[in-house]
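A closer look at the structure
Each chain is listed here by its residues.
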Amino acid sequence: MDQLRTTDPEIAELIAKEARRQKSVLRMIPSENYASDAVLAATGSILANKYSEGYPSRRYYQGQENIDGVESLAQARARALFKAEHANVQPYSGSPANMAVYLGLLGKTGRVMGMDLAAGGHLTHGAKASFSGTYYEVVHYGLFRDSGLIDYQGARRLAREFKPQLIFTGASSYPRVIDFAAFAEIAREAGAHLVADISHISGLCISGDHPHPFPHVDVITTTTHKLLRGPRGGMILCREELAARLDKAVFPGLQGGPHNHATAAIAVALKEASGPEYAQYCHQVASNARALAQGLLERGFSLITGGTDNHLVLIDCGAKGLTGKALAVALEQAGIVGNANKIPFDPRPANDPSGLRLGTPALTTRGMKEPEMDLIAGLVAQVAASLGNAQALAHIKELAAELCSGFPAPGIHL
Ligand code: DSN
(Lines give C-alpha, C1' and ligand atoms only; values in the text may rest on other atoms or scores of the structure.)
Protein backbone atom coordinates (compact mmCIF):
# COMPACT_ATOMS: atom_id res chain seq x y z
CA MET A 1 0.00 0.00 0.00
CA ASP A 2 2.95 2.40 0.58
CA GLN A 3 3.86 2.33 -3.12
CA LEU A 4 0.21 2.75 -4.13
CA ARG A 5 -0.13 5.75 -1.80
CA THR A 6 2.81 7.39 -3.58
CA THR A 7 1.71 6.55 -7.13
CA ASP A 8 -2.02 7.04 -6.82
CA PRO A 9 -3.11 8.58 -3.53
CA GLU A 10 -6.73 8.90 -4.67
CA ILE A 11 -7.17 5.17 -5.30
CA ALA A 12 -5.12 4.33 -2.19
CA GLU A 13 -7.44 6.49 -0.11
CA LEU A 14 -10.58 4.90 -1.56
CA ILE A 15 -9.18 1.43 -0.82
CA ALA A 16 -8.31 2.50 2.73
CA LYS A 17 -11.82 3.89 3.22
CA GLU A 18 -13.37 0.70 1.87
CA ALA A 19 -11.18 -1.35 4.24
CA ARG A 20 -12.45 0.73 7.17
CA ARG A 21 -16.04 0.24 5.96
CA GLN A 22 -15.62 -3.53 5.59
CA LYS A 23 -14.14 -3.69 9.10
CA SER A 24 -16.68 -1.52 10.89
CA VAL A 25 -20.04 -2.63 9.46
CA LEU A 26 -21.99 -5.88 9.74
CA ARG A 27 -21.62 -7.26 6.21
CA MET A 28 -24.65 -9.45 5.57
CA ILE A 29 -25.00 -9.62 1.78
CA PRO A 30 -25.17 -13.43 1.46
CA SER A 31 -22.83 -13.56 -1.54
CA GLU A 32 -19.99 -11.62 0.11
CA ASN A 33 -17.16 -12.68 2.41
CA TYR A 34 -13.63 -11.86 3.60
CA ALA A 35 -10.72 -13.40 1.66
CA SER A 36 -7.65 -14.36 3.67
CA ASP A 37 -4.27 -12.59 3.52
CA ALA A 38 -2.92 -15.55 1.53
CA VAL A 39 -5.72 -15.33 -1.05
CA LEU A 40 -5.25 -11.56 -1.33
CA ALA A 41 -1.47 -11.96 -1.73
CA ALA A 42 -1.93 -14.33 -4.68
CA THR A 43 -4.61 -12.06 -6.18
CA GLY A 44 -2.26 -9.09 -6.08
CA SER A 45 0.76 -11.02 -7.37
CA ILE A 46 2.93 -10.69 -10.50
CA LEU A 47 0.99 -13.57 -12.06
CA ALA A 48 -1.21 -10.77 -13.41
CA ASN A 49 1.67 -9.99 -15.83
CA LYS A 50 1.43 -13.19 -17.84
CA TYR A 51 -0.58 -14.29 -20.87
CA SER A 52 -1.42 -18.01 -21.02
CA GLU A 53 -4.09 -18.77 -23.62
CA GLY A 54 -4.77 -22.49 -23.62
CA TYR A 55 -4.52 -25.05 -20.84
CA PRO A 56 -1.53 -26.55 -18.95
CA SER A 57 0.94 -28.09 -21.45
CA ARG A 58 -1.22 -26.82 -24.35
CA ARG A 59 -0.49 -23.07 -24.45
CA TYR A 60 -0.25 -20.60 -27.28
CA TYR A 61 2.48 -18.48 -25.62
CA GLN A 62 5.93 -19.42 -24.32
CA GLY A 63 7.11 -19.01 -20.75
CA GLN A 64 4.53 -21.12 -18.97
CA GLU A 65 6.67 -23.32 -16.71
CA ASN A 66 5.29 -21.70 -13.54
CA ILE A 67 1.80 -20.84 -14.74
CA ASP A 68 1.19 -24.47 -15.76
CA GLY A 69 2.06 -25.49 -12.21
CA VAL A 70 -0.35 -22.93 -10.76
CA GLU A 71 -3.28 -23.94 -12.95
CA SER A 72 -2.63 -27.68 -12.58
CA LEU A 73 -2.64 -27.30 -8.79
CA ALA A 74 -5.90 -25.34 -8.88
CA GLN A 75 -7.49 -27.98 -11.13
CA ALA A 76 -6.31 -30.89 -8.96
CA ARG A 77 -7.54 -29.21 -5.75
CA ALA A 78 -10.91 -28.40 -7.32
CA ARG A 79 -11.33 -32.00 -8.51
CA ALA A 80 -10.45 -33.38 -5.09
CA LEU A 81 -12.62 -30.94 -3.10
CA PHE A 82 -15.72 -31.32 -5.27
CA LYS A 83 -15.21 -35.02 -6.14
CA ALA A 84 -15.19 -34.08 -9.82
CA GLU A 85 -13.61 -35.91 -12.74
CA HIS A 86 -12.71 -32.64 -14.45
CA ALA A 87 -12.27 -29.01 -13.41
CA ASN A 88 -11.95 -25.82 -15.44
CA VAL A 89 -10.75 -22.95 -13.25
CA GLN A 90 -10.52 -20.28 -15.93
CA PRO A 91 -14.03 -18.68 -16.06
CA TYR A 92 -13.73 -15.03 -15.09
CA SER A 93 -16.77 -15.37 -12.81
CA GLY A 94 -20.07 -17.21 -12.34
CA SER A 95 -21.92 -15.71 -15.30
CA PRO A 96 -19.11 -16.55 -17.78
CA ALA A 97 -18.98 -20.06 -16.32
CA ASN A 98 -22.69 -20.49 -16.99
CA MET A 99 -22.34 -18.94 -20.43
CA ALA A 100 -19.67 -21.53 -21.26
CA VAL A 101 -22.08 -24.29 -20.26
CA TYR A 102 -24.71 -22.96 -22.68
CA LEU A 103 -22.17 -22.64 -25.46
CA GLY A 104 -20.50 -25.99 -24.79
CA LEU A 105 -23.63 -28.10 -24.35
CA LEU A 106 -26.13 -26.34 -26.64
CA GLY A 107 -24.21 -24.19 -29.08
CA LYS A 108 -25.93 -21.03 -30.30
CA THR A 109 -29.54 -22.06 -29.63
CA GLY A 110 -31.50 -24.62 -27.63
CA ARG A 111 -34.20 -25.28 -25.06
CA VAL A 112 -33.48 -24.53 -21.42
CA MET A 113 -35.39 -24.84 -18.18
CA GLY A 114 -34.26 -22.84 -15.16
CA MET A 115 -35.59 -21.37 -11.95
CA ASP A 116 -37.41 -18.09 -12.40
CA LEU A 117 -35.37 -15.04 -11.36
CA ALA A 118 -38.43 -13.81 -9.44
CA ALA A 119 -38.50 -17.12 -7.55
CA GLY A 120 -34.86 -16.81 -6.51
CA GLY A 121 -33.04 -18.07 -9.61
CA HIS A 122 -30.17 -16.22 -11.30
CA LEU A 123 -30.09 -13.96 -14.35
CA THR A 124 -28.10 -16.57 -16.26
CA HIS A 125 -30.71 -19.27 -15.63
CA GLY A 126 -32.81 -17.92 -18.49
CA ALA A 127 -33.91 -14.42 -17.45
CA LYS A 128 -35.06 -12.25 -20.35
CA ALA A 129 -32.60 -9.48 -19.49
CA SER A 130 -29.57 -11.80 -19.81
CA PHE A 131 -27.95 -13.56 -22.78
CA SER A 132 -29.57 -16.78 -21.55
CA GLY A 133 -33.14 -15.57 -22.07
CA THR A 134 -32.20 -13.64 -25.21
CA TYR A 135 -30.60 -16.38 -27.28
CA TYR A 136 -32.17 -19.53 -25.86
CA GLU A 137 -35.74 -20.78 -25.67
CA VAL A 138 -36.52 -20.86 -21.95
CA VAL A 139 -39.23 -22.03 -19.59
CA HIS A 140 -39.10 -21.40 -15.86
CA TYR A 141 -40.06 -23.58 -12.95
CA GLY A 142 -40.91 -21.89 -9.68
CA LEU A 143 -42.21 -22.17 -6.16
CA PHE A 144 -45.42 -23.00 -4.36
CA ARG A 145 -47.14 -19.74 -3.43
CA ASP A 146 -48.05 -20.82 0.11
CA SER A 147 -44.82 -22.51 1.23
CA GLY A 148 -42.23 -20.77 -0.95
CA LEU A 149 -40.68 -24.20 -1.68
CA ILE A 150 -39.66 -25.44 -5.14
CA ASP A 151 -42.52 -27.11 -7.00
CA TYR A 152 -40.74 -30.25 -8.24
CA GLN A 153 -43.91 -31.80 -9.68
CA GLY A 154 -44.59 -28.60 -11.61
CA ALA A 155 -41.01 -28.67 -12.91
CA ARG A 156 -41.50 -32.27 -13.99
CA ARG A 157 -44.71 -31.48 -15.88
CA LEU A 158 -43.04 -28.53 -17.56
CA ALA A 159 -40.06 -30.65 -18.61
CA ARG A 160 -42.35 -33.35 -20.05
CA GLU A 161 -44.10 -30.78 -22.24
CA PHE A 162 -41.17 -28.57 -23.18
CA LYS A 163 -38.41 -31.22 -23.42
CA PRO A 164 -35.49 -28.98 -22.42
CA GLN A 165 -32.00 -29.95 -23.50
CA LEU A 166 -30.47 -28.25 -20.49
CA ILE A 167 -31.85 -27.83 -16.97
CA PHE A 168 -30.33 -25.36 -14.51
CA THR A 169 -30.74 -25.82 -10.77
CA GLY A 170 -29.37 -23.48 -8.13
CA ALA A 171 -30.47 -20.10 -6.84
CA SER A 172 -29.44 -16.72 -5.51
CA SER A 173 -32.12 -16.27 -2.90
CA TYR A 174 -33.63 -19.63 -2.05
CA PRO A 175 -33.20 -20.42 1.66
CA ARG A 176 -33.92 -24.15 1.52
CA VAL A 177 -32.27 -27.39 0.39
CA ILE A 178 -32.34 -28.10 -3.34
CA ASP A 179 -33.19 -31.70 -4.18
CA PHE A 180 -30.65 -32.53 -6.89
CA ALA A 181 -31.77 -36.17 -7.01
CA ALA A 182 -35.34 -35.07 -7.88
CA PHE A 183 -34.00 -32.82 -10.63
CA ALA A 184 -31.87 -35.70 -11.94
CA GLU A 185 -35.02 -37.78 -12.48
CA ILE A 186 -36.69 -34.88 -14.26
CA ALA A 187 -33.61 -34.40 -16.47
CA ARG A 188 -33.35 -38.12 -17.22
CA GLU A 189 -36.97 -38.25 -18.35
CA ALA A 190 -36.49 -35.19 -20.57
CA GLY A 191 -33.12 -36.36 -21.92
CA ALA A 192 -31.57 -33.11 -20.69
CA HIS A 193 -28.16 -32.30 -19.27
CA LEU A 194 -28.47 -31.18 -15.64
CA VAL A 195 -26.40 -28.31 -14.25
CA ALA A 196 -26.14 -27.26 -10.60
CA ASP A 197 -25.06 -23.66 -10.11
CA ILE A 198 -23.88 -23.85 -6.51
CA SER A 199 -22.31 -20.39 -6.36
CA HIS A 200 -24.19 -19.59 -3.16
CA ILE A 201 -23.90 -22.94 -1.40
CA SER A 202 -20.58 -24.36 -2.64
CA GLY A 203 -19.08 -24.54 0.85
CA LEU A 204 -22.18 -26.16 2.32
CA CYS A 205 -21.96 -28.88 -0.36
CA ILE A 206 -18.33 -29.51 0.63
CA SER A 207 -19.05 -29.62 4.36
CA GLY A 208 -22.16 -31.80 4.05
CA ASP A 209 -24.50 -29.07 5.30
CA HIS A 210 -26.25 -29.29 1.92
CA PRO A 211 -26.50 -32.46 -0.24
CA HIS A 212 -23.77 -32.65 -2.89
CA PRO A 213 -24.86 -32.28 -6.53
CA PHE A 214 -22.63 -35.16 -7.72
CA PRO A 215 -23.45 -37.84 -8.81
CA HIS A 216 -26.89 -36.45 -9.69
CA VAL A 217 -25.84 -33.65 -12.04
CA ASP A 218 -23.68 -33.59 -15.15
CA VAL A 219 -22.08 -30.22 -14.48
CA ILE A 220 -21.45 -27.97 -11.46
CA THR A 221 -20.73 -24.27 -11.87
CA THR A 222 -19.73 -21.97 -9.05
CA THR A 223 -18.23 -18.63 -8.29
CA THR A 224 -15.13 -18.69 -6.10
CA HIS A 225 -15.63 -15.55 -4.00
CA LYS A 226 -18.73 -16.32 -1.94
CA LEU A 227 -18.66 -19.10 0.66
CA LEU A 228 -15.39 -20.34 -0.88
CA ARG A 229 -13.62 -17.14 0.23
CA GLY A 230 -11.44 -16.99 -2.89
CA PRO A 231 -10.83 -14.18 -5.38
CA ARG A 232 -13.58 -13.10 -7.76
CA GLY A 233 -13.70 -15.96 -10.26
CA GLY A 234 -15.60 -19.00 -11.48
CA MET A 235 -15.20 -22.74 -11.99
CA ILE A 236 -16.83 -25.53 -13.97
CA LEU A 237 -16.73 -29.10 -12.66
CA CYS A 238 -17.94 -32.00 -14.76
CA ARG A 239 -17.65 -35.60 -15.84
CA GLU A 240 -14.73 -36.40 -18.13
CA GLU A 241 -16.98 -37.04 -21.13
CA LEU A 242 -18.11 -33.36 -21.17
CA ALA A 243 -14.66 -31.91 -20.41
CA ALA A 244 -13.49 -31.21 -23.97
CA ARG A 245 -16.74 -29.43 -24.95
CA LEU A 246 -16.76 -27.23 -21.87
CA ASP A 247 -13.04 -26.42 -21.99
CA LYS A 248 -13.41 -25.41 -25.63
CA ALA A 249 -16.38 -23.20 -24.75
CA VAL A 250 -14.36 -21.35 -22.08
CA PHE A 251 -11.28 -20.99 -24.31
CA PRO A 252 -11.31 -20.17 -27.17
CA GLY A 253 -15.12 -19.94 -27.22
CA LEU A 254 -15.65 -17.09 -24.77
CA GLN A 255 -12.40 -16.01 -23.18
CA GLY A 256 -8.83 -15.21 -24.07
CA GLY A 257 -6.01 -15.35 -21.54
CA PRO A 258 -6.92 -16.72 -18.12
CA HIS A 259 -6.45 -14.43 -15.12
CA ASN A 260 -3.46 -16.27 -13.67
CA HIS A 261 -3.39 -14.22 -10.47
CA ALA A 262 -7.01 -15.24 -9.87
CA THR A 263 -6.21 -18.88 -10.70
CA ALA A 264 -3.44 -18.88 -8.08
CA ALA A 265 -5.75 -17.32 -5.51
CA ILE A 266 -8.43 -19.89 -6.33
CA ALA A 267 -5.83 -22.61 -5.69
CA VAL A 268 -5.05 -21.05 -2.30
CA ALA A 269 -8.74 -20.77 -1.39
CA LEU A 270 -9.31 -24.40 -2.37
CA LYS A 271 -6.40 -25.46 -0.16
CA GLU A 272 -7.87 -23.47 2.72
CA ALA A 273 -11.25 -25.09 2.07
CA SER A 274 -9.90 -28.63 2.21
CA GLY A 275 -9.13 -28.68 5.94
CA PRO A 276 -11.44 -29.52 8.85
CA GLU A 277 -11.53 -25.83 9.94
CA TYR A 278 -13.34 -24.94 6.74
CA ALA A 279 -16.01 -27.62 7.25
CA GLN A 280 -16.42 -26.30 10.80
CA TYR A 281 -16.77 -22.78 9.37
CA CYS A 282 -19.54 -23.93 7.00
CA HIS A 283 -21.39 -25.75 9.81
CA GLN A 284 -21.26 -22.48 11.75
CA VAL A 285 -22.49 -20.45 8.74
CA ALA A 286 -25.60 -22.65 8.58
CA SER A 287 -26.08 -22.66 12.35
CA ASN A 288 -25.72 -18.87 12.44
CA ALA A 289 -28.32 -18.50 9.69
CA ARG A 290 -30.76 -20.63 11.68
CA ALA A 291 -30.08 -18.51 14.79
CA LEU A 292 -30.58 -15.31 12.80
CA ALA A 293 -33.86 -16.66 11.39
CA GLN A 294 -35.03 -17.63 14.87
CA GLY A 295 -34.11 -14.20 16.25
CA LEU A 296 -35.98 -12.44 13.45
CA LEU A 297 -39.07 -14.64 13.80
CA GLU A 298 -39.15 -13.98 17.55
CA ARG A 299 -39.19 -10.26 16.76
CA GLY A 300 -42.18 -10.52 14.45
CA PHE A 301 -40.48 -10.70 11.05
CA SER A 302 -41.98 -12.82 8.31
CA LEU A 303 -39.45 -15.05 6.51
CA ILE A 304 -39.99 -16.68 3.14
CA THR A 305 -40.36 -20.45 3.77
CA GLY A 306 -40.49 -19.67 7.50
CA GLY A 307 -36.74 -20.07 8.03
CA THR A 308 -33.58 -21.37 6.41
CA ASP A 309 -31.53 -24.50 5.70
CA ASN A 310 -28.53 -22.67 4.30
CA HIS A 311 -26.62 -19.40 4.70
CA LEU A 312 -29.35 -16.82 4.05
CA VAL A 313 -32.75 -15.56 5.12
CA LEU A 314 -35.25 -13.73 2.93
CA ILE A 315 -37.45 -11.29 4.85
CA ASP A 316 -40.87 -10.30 3.53
CA CYS A 317 -40.71 -6.64 4.58
CA GLY A 318 -44.31 -6.04 3.49
CA ALA A 319 -45.46 -7.88 6.60
CA LYS A 320 -43.89 -5.03 8.63
CA GLY A 321 -45.41 -2.39 6.35
CA LEU A 322 -42.01 -1.69 4.75
CA THR A 323 -40.39 -2.18 1.38
CA GLY A 324 -37.12 -4.09 1.00
CA LYS A 325 -35.37 -1.02 -0.36
CA ALA A 326 -36.50 1.22 2.51
CA LEU A 327 -35.31 -1.32 5.08
CA ALA A 328 -32.01 -1.95 3.22
CA VAL A 329 -31.26 1.81 3.14
CA ALA A 330 -32.12 2.26 6.81
CA LEU A 331 -30.04 -0.78 7.76
CA GLU A 332 -27.07 0.66 5.90
CA GLN A 333 -27.48 3.91 7.82
CA ALA A 334 -27.31 1.74 10.93
CA GLY A 335 -24.15 -0.15 9.87
CA ILE A 336 -25.89 -3.34 8.73
CA VAL A 337 -25.44 -4.09 5.04
CA GLY A 338 -27.85 -6.47 3.30
CA ASN A 339 -29.66 -6.16 0.00
CA ALA A 340 -33.21 -5.54 -1.14
CA ASN A 341 -34.47 -8.56 -3.06
CA LYS A 342 -37.61 -9.77 -4.78
CA ILE A 343 -39.67 -12.29 -2.87
CA PRO A 344 -41.65 -15.04 -4.63
CA PHE A 345 -44.71 -13.62 -6.44
CA ASP A 346 -43.56 -10.12 -5.54
CA PRO A 347 -46.01 -7.48 -6.77
CA ARG A 348 -43.27 -4.83 -6.48
CA PRO A 349 -40.55 -4.04 -9.07
CA ALA A 350 -36.96 -5.34 -8.89
CA ASN A 351 -35.52 -1.91 -8.05
CA ASP A 352 -37.88 -1.51 -5.09
CA PRO A 353 -38.94 -5.02 -4.09
CA SER A 354 -40.72 -6.37 -1.03
CA GLY A 355 -37.87 -8.49 0.31
CA LEU A 356 -34.53 -8.15 2.06
CA ARG A 357 -31.79 -10.76 1.84
CA LEU A 358 -29.40 -11.27 4.79
CA GLY A 359 -26.63 -13.87 5.01
CA THR A 360 -24.09 -15.13 7.52
CA PRO A 361 -20.93 -16.09 5.52
CA ALA A 362 -18.90 -12.91 6.17
CA LEU A 363 -19.86 -12.50 9.84
CA THR A 364 -19.05 -16.16 10.48
CA THR A 365 -15.61 -15.66 8.92
CA ARG A 366 -15.09 -12.94 11.58
CA GLY A 367 -15.88 -15.52 14.25
CA MET A 368 -19.41 -14.47 15.18
CA LYS A 369 -21.71 -17.17 16.55
CA GLU A 370 -25.33 -17.70 17.60
CA PRO A 371 -25.40 -15.09 20.43
CA GLU A 372 -24.20 -12.39 18.02
CA MET A 373 -26.87 -13.46 15.48
CA ASP A 374 -29.56 -12.93 18.10
CA LEU A 375 -28.09 -9.53 18.95
CA ILE A 376 -28.10 -8.59 15.26
CA ALA A 377 -31.72 -9.74 14.86
CA GLY A 378 -32.49 -7.32 17.69
CA LEU A 379 -30.65 -4.50 15.91
CA VAL A 380 -32.53 -5.23 12.66
CA ALA A 381 -35.81 -5.01 14.58
CA GLN A 382 -34.73 -1.68 16.10
CA VAL A 383 -33.90 -0.36 12.62
CA ALA A 384 -37.27 -1.51 11.26
CA ALA A 385 -38.91 0.53 14.01
CA SER A 386 -36.70 3.59 13.43
CA LEU A 387 -37.01 4.42 9.73
CA GLY A 388 -36.48 8.13 9.19
CA ASN A 389 -35.08 8.60 12.71
CA ALA A 390 -31.48 9.60 11.91
CA GLN A 391 -30.46 9.82 15.54
CA ALA A 392 -31.71 6.32 16.39
CA LEU A 393 -30.06 4.84 13.28
CA ALA A 394 -26.75 6.57 14.12
CA HIS A 395 -26.91 5.07 17.62
CA ILE A 396 -27.50 1.57 16.19
CA LYS A 397 -24.54 2.16 13.87
CA GLU A 398 -22.35 2.74 16.92
CA LEU A 399 -23.61 -0.52 18.45
CA ALA A 400 -22.89 -2.37 15.18
CA ALA A 401 -19.36 -0.92 15.03
CA GLU A 402 -18.77 -1.87 18.66
CA LEU A 403 -19.87 -5.43 17.90
CA CYS A 404 -17.57 -5.54 14.86
CA SER A 405 -14.60 -4.31 16.88
CA GLY A 406 -14.60 -7.55 18.87
CA PHE A 407 -14.21 -9.74 15.78
CA PRO A 408 -11.15 -9.36 13.49
CA ALA A 409 -11.77 -9.02 9.76
CA PRO A 410 -9.32 -11.29 7.90
CA GLY A 411 -7.27 -9.56 5.23
CA ILE A 412 -7.87 -6.08 6.64
CA HIS A 413 -4.97 -4.38 8.43
CA LEU A 414 -5.48 -0.73 9.25
N1 DSN B 1 -24.81 -11.29 -7.55
C2 DSN B 1 -24.83 -12.54 -6.85
C3 DSN B 1 -25.60 -12.48 -5.58
O4 DSN B 1 -25.48 -11.49 -4.89
O5 DSN B 1 -26.32 -13.40 -5.25
C6 DSN B 1 -25.31 -13.67 -7.69
O7 DSN B 1 -24.55 -13.74 -8.81
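Residues numbered from 1 in each chain as written. Predicted model: local features only at pLDDT ≥ 70, side-chain atom pairs only at ≥ 80, totals over all residues. Heavy atoms only, no water.

1. Considerations on the site of the ligand
With respect to spatial proximity, the complete set of residues near the ligand consists of S31, H122, S172, H200, K226 and R357. Measuring from an oxygen atom of the ligand, one finds a side-chain N or O atom of S31 at 2.6 Å. One of the side-chain nitrogen or oxygen atoms of R357 is found 2.8 Å away from an oxygen atom of the ligand. For the shell around the ligand, the per-class residue count stands at no nonpolar, four polar and two charged. (Near = heavy atom within 4 Å. Polar contact = N/O pair within 3.5 Å; in protein donor to acceptor, adjacent residues only side chain to side chain. Nonpolar A, V, L, I, M, F, W, Y, C, P; charged D, E, K, R; others polar.)

2. Overview of the nonpolar core
Counting 51 residues, the largest nonpolar core has I150 and F183 as its most contacted members. Contacts of F183, omitting those with residues within four sequence positions, involve Y141, I150, Y152, A155, I167, T169, I178 and L194. Membership of the second largest hydrophobic core comes to 36 residues, among which are L26, M373, V383 and I396. (Core = buried A, V, L, I, M, F, W, Y, C linked by side-chain atoms within 4.5 Å. Buried < 20%, exposed > 50% of the residue type's maximum accessible area, 1.4 Å probe, protein only. Contact = heavy atoms within 4.5 Å.)

3. Concerning the sheet that holds strand β4 (residues 86–88)
Strands pair in a sheet through their backbones, by hydrogen bonds, and they do so in one of two ways: parallel or antiparallel. Across the sheet, seven strands lie side by side as β4-β10-β9-β8-β7-β5-β6; this open sheet has mixed pairing. The open sheet has two edge strands with one neighbour each: β4 and β6 (137–141). Pairwise comparison of adjacent strand axes, ignoring direction, gives a mean angle of 20° for this sheet. By the bridge criterion, five bridges tie strand β9 (residues 219–223) to strand β10 (residues 234–238) in an arrangement that is antiparallel. Bridging across to β10, T221 finds its partner in I236. Its contacts with the sheet put helix α10 (residues 240–254) on β4, β8 (193–197), β9 and β10, and the angle it makes with β10 is roughly 155°. (Pairing = 2+ DSSP bridges. Helix = DSSP H or I, 4+ residues; strand = E, 2+ residues; numbered from the N terminus. Axes fitted to C-alpha atoms, helices over the stretch in contact; angles between N-to-C directions.)

4. What about the packing of helix α15 (residues 370–384) against helix α16 (residues 390–405)?
To describe two helices that pack against each other, one gives the angle between their axes and the distance between the axes. Between α15 and α16, whose axes approach to 10 Å, the crossing angle comes to 165°. Judged by the angle between their axes, α15 and α16 are roughly antiparallel. Crossing geometry of α15 relative to α16 is assigned as left-handed. Contacts between α15 and α16 involve E372, L375, I376, L379, Q382 and V383 from the first element and L393, I396, L399, A400 and L403 from the second. (Parallel < 35°, antiparallel > 145°, perpendicular 65-115°, else oblique. Left-handed = near helix turned anticlockwise from the far one by under 90°.)

5. Here we look at the packing of aromatic side chains
Under the definition given, this model contains nine aromatic pairs. Summarising the aromatic geometry, the rings of Y51 and Y61 are spaced 5.6 Å apart at their centres and angled 15° between planes, so their arrangement reads as stacked. Of the two residues, Y51 sits in the loop between α3 (37–43) and β2 (54–55) while Y61 sits in the loop between β3 (58–59) and α4 (65–82), which places them 10 residues apart along the sequence. The class for Y61 is partly exposed, based on a relative accessible area of 36%. The rings of Y102, F131, Y136 and F168 are connected pair by pair, giving a single aromatic cluster. Between the NZ or CZ atom of R145 and the centre of the ring of F345, over which it lies, the distance is 4.2 Å. Over the ring of F301 we find K320; its NZ or CZ atom is 4.4 Å from the centre of that ring. (Phe/Tyr/Trp six-rings, centres within 6.5 Å; stacked < 30°, edge-to-face > 60°. Lys NZ or Arg CZ within 6 Å of the ring centre and 35° of its normal.)

6. A few points about the sheet that holds strand β13 (residues 339–341)
Taking strand neighbours across the sheet as the criterion, the three strands line up as β11-β14-β13 in an open arrangement whose pairing is antiparallel. In the strand order of this sheet, the two ends are held by β11 (312–316) and β13, each with one partner. The sheet shows a mean angle of 35° between the axes of neighbouring strands, taken without regard to direction. Sheet topology note: the β11/strand β14 (residues 355–359) ladder contains five bridges and is antiparallel. Directly across from V313, in β14, lies its bridge partner L358. Against the sheet, helix α12 (residues 276–298) engages β11 and β14, with an angle of about 20° to β11.

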